[in-house]
Amino acid sequence: MIRLKGIKKSYFIGERELPILKGIDLTIESGELVIFMGVSGSGKTTLMNIIGLLDKQTEGEYFFMEKNVDGLDDENLAVLRNEYIGFVFQQFFLLPYLNALENVLIPIVYSKKNIKHPKEKAKQLLTRFGLAERTHNKPSQLSGGEQQRVAIARALINDPDLILADEPTGALDSKTGNEIMELFRMLNEEGKTIIVVTHDPKLAQFGKRLIRIEDGVISQDITS
Ligand SMILES: Nc1ncnc2c1ncn2[C@@H]1O[C@H](COP(=O)(O)OP(=O)(O)O)[C@@H](O)[C@H]1O
Ligand SMILES: [Mg+2]
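The model shown is predicted, which means the values in this text are computed figures rather than measured ones. (Residues numbered from 1 in each chain as written. Chains lettered and ligands numbered in written order. Predicted model: local features only at pLDDT ≥ 70, side-chain atom pairs only at ≥ 80, totals over all residues. Heavy atoms only, no water.)

Peer 1: I keep staring at the site of ligand 1 and nothing clicks. Help me out?
Peer 2: Taken together, Tyr11, Ile20, Val39, Ser40, Gly41, Ser42, Gly43, Lys44, Thr45 and Thr46 make up the full set of residues adjacent to ligand 1. Within the backbone of Ser42, a nitrogen or oxygen atom sits 3.2 Å from an oxygen atom of ligand 1. Between ligand 1 and Thr46 there is a distance of 2.5 Å, counted from an oxygen atom to a side-chain nitrogen or oxygen. In the complex, 60% of the free accessible area of ligand 1, which totals 570 Å², lies under the protein chains. With 3 residues, helix α1 (residues 44–51) is the single largest residue contributor to the shell around ligand 1. Within the shell around ligand 1, the residues separate by chemical class into 3 nonpolar, 6 polar and 1 charged. (Near = heavy atom within 4 Å. Polar contact = N/O pair within 3.5 Å; in protein donor to acceptor, adjacent residues only side chain to side chain. Areas by Shrake-Rupley, 256 points an atom, 1.4 Å probe, with all protein chains shown as cover. Helix = DSSP H or I, 4+ residues; strand = E, 2+ residues; numbered from the N terminus. Nonpolar A, V, L, I, M, F, W, Y, C, P; charged D, E, K, R; others polar.)

Laid out in structure tokens, this is it:
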């Protein structure tokens, strides 16, 4: 599903090059549950943004769904993102003036997929995540864990093959964070490919494959 070859990413501050990713080779197959672990500043988000087709590498090749995506323009990248990828972030990024149900339905507006009965599907997802009584609540009327579950439902409404979650438990207490990780594990068992980024070593146990990122390179890659 994902193949990275010699991926480097630098930022440029004026003339000065600031290397962030220093040569990443990585293959992730469909159906994997992968944890990217690394301290803050090691390049995890930079790597996730490249994998999620939100940013481009400065060097190297990226094959997504067997297809080289390096030459694609923003519009074509957006089409691929929309079709294949659901995103979950630390800060949830729910729209404050929409209720839970409306937030889950947002991706449908942009979708080129023909999702049948989206409203029913959104309700089913929320019910499944224990939020049946919360569908009309605004984000401010939900706990952090509830907001993240709404965000995960939103990531799923479009039936993506791949879920990318960048520090999804970073704003949650550890019990709630573990519940969110269990949810990812369940979704993986149902066939979703999932990559979770975290700096929290306690979450390593939730993955089948643990990839350690250190200073812009992969320092360890263990499958249990
Ligand atoms: N747009 C940018 N311009 C310059 N430096 C950046 C930019 N984005 C990230 N960085 C730097 O890249 C490094 C890695 O960042 P990031 O990928 O966010 O790390 P992580 O997610 O592992 O904490 C950090 O030192 C950060 O300051
Ligand atoms: Mg980060």
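Peer 1: Sorry if this is basic, but what is going on with helix α3 (residues 100–110) here?
Peer 2: Residue pairs spaced three or four apart in an α-helix point in one direction, given the helix's 3.6 residues per turn. Listed in full, the buried residues belonging to α3 are Ala100, Leu101, Asn103, Val104, Leu105, Ile106 and Pro107. Of the surrounding secondary structure, the elements contacted by the buried residues of α3 are α2 (74–84), α4 (118–128) and α5 (144–156). Sitting at the amino-terminal end of α3 is Asn99, which places a side-chain oxygen 3.0 Å from the backbone nitrogen of Leu101. (Buried < 20%, exposed > 50% of the residue type's maximum accessible area, 1.4 Å probe, protein only. Contact = heavy atoms within 4.5 Å.)

Peer 1: Help me out: how do you make sense of unusual backbone geometry in this one?
Peer 2: Backbone geometry follows two general trends: most residues other than glycine have a negative phi, and most peptide bonds adopt the trans configuration. Despite not being glycine, Glu66 has its phi angle at roughly 70 degrees, a positive value. By relative accessible area, which is 68% here, Glu66 ends up exposed. For Glu167, which is not glycine, the phi dihedral falls at a positive 50 degrees. In this structure Glu167 comes out as buried when scored by relative accessible area, which is 11%.

Peer 1: Hey, could you run me through the sheet that holds strand β4 (residues 59–64) in this one?
Peer 2: Sheets are built from strands paired through backbone hydrogen bonds, the pairs being either parallel or antiparallel. Overall, antiparallel pairing links the 4 strands, which are arranged β2-β1-β4-β5 in an open sheet. Each end of this open sheet is capped by a strand with a single partner; those strands are β2 (16–28) and β5 (67–68). Of the strand pairs in this sheet, strand β1 (residues 2–13) and β2 are connected by 10 bridges, and their pairing is antiparallel. Within the sheet, the bridge partner assigned to Ile7 lies in β2 and is Ile24. Along the sheet face, α1 touches β1, β2 and β4 and points at about 120 degrees away from the line of β1. (Pairing = 2+ DSSP bridges. Axes fitted to C-alpha atoms, helices over the stretch in contact; angles between N-to-C directions.)

Peer 1: Is there a simple way to think about the packing of aromatic side chains in this case?
Peer 2: Any pair of aromatic rings gets described here by the distance separating the centres and the angle formed by the planes. Scanning the entire structure with this criterion turns up 4 aromatic pairs. Arranged with centres 5.8 Å apart and planes meeting at 80 degrees, the rings of Phe64 and Tyr84 form a pair that is edge-to-face. Residue Phe64 is found in strand β4, and its partner Tyr84 is found in helix α2; the two are separated by 20 residues along the sequence. Across the pair, exposure class does not vary: Phe64 and Tyr84 are buried alike. Linked through ring pairs, Tyr62, Phe64 and Tyr84 together constitute an aromatic cluster. Over the ring of Phe63 we find Arg3; its NZ or CZ atom is 4.5 Å from the centre of that ring. (Phe/Tyr/Trp six-rings, centres within 6.5 Å; stacked < 30°, edge-to-face > 60°. Lys NZ or Arg CZ within 6 Å of the ring centre and 35° of its normal.)

Peer 1: Sorry, what's going on with the pairing of β4 here?
Peer 2: On a regular strand, one side chain projects to one face of the sheet and the next to the other, so that they alternate. Judged from the 5 bridges that link them, β1 and β4 form a sheet pairing that is antiparallel. Each residue of the ladder has a partner; that of Lys8, found in β4, is Glu59. Note: β4 against β5, 2 bridges, orientation antiparallel. Looking at β5, one finds that Phe63 is bridged to Asn68.

Peer 1: Quick question: what am I supposed to make of the pairing of strand β6 (residues 85–89) here?
Peer 2: Burial within β6 is extensive, with 4 of its 5 residues counted as buried. Bridge count between β6 and strand β7 (residues 162–166): 5 bridges; the pairing is parallel. Residue pairing for β7: Phe89 is matched across the bridge by Asp166.

Peer 1: How should α1 be read in this particular structure?
Peer 2: Judged by how many residues are buried, α1 sits mostly within the fold: 6 of 8 residues are covered. Here α1 has its buried residues at Lys44, Thr46, Leu47, Met48, Ile50 and Ile51. Of the residues trailing α1, Leu53 is marked for its positive phi of about 60 degrees.

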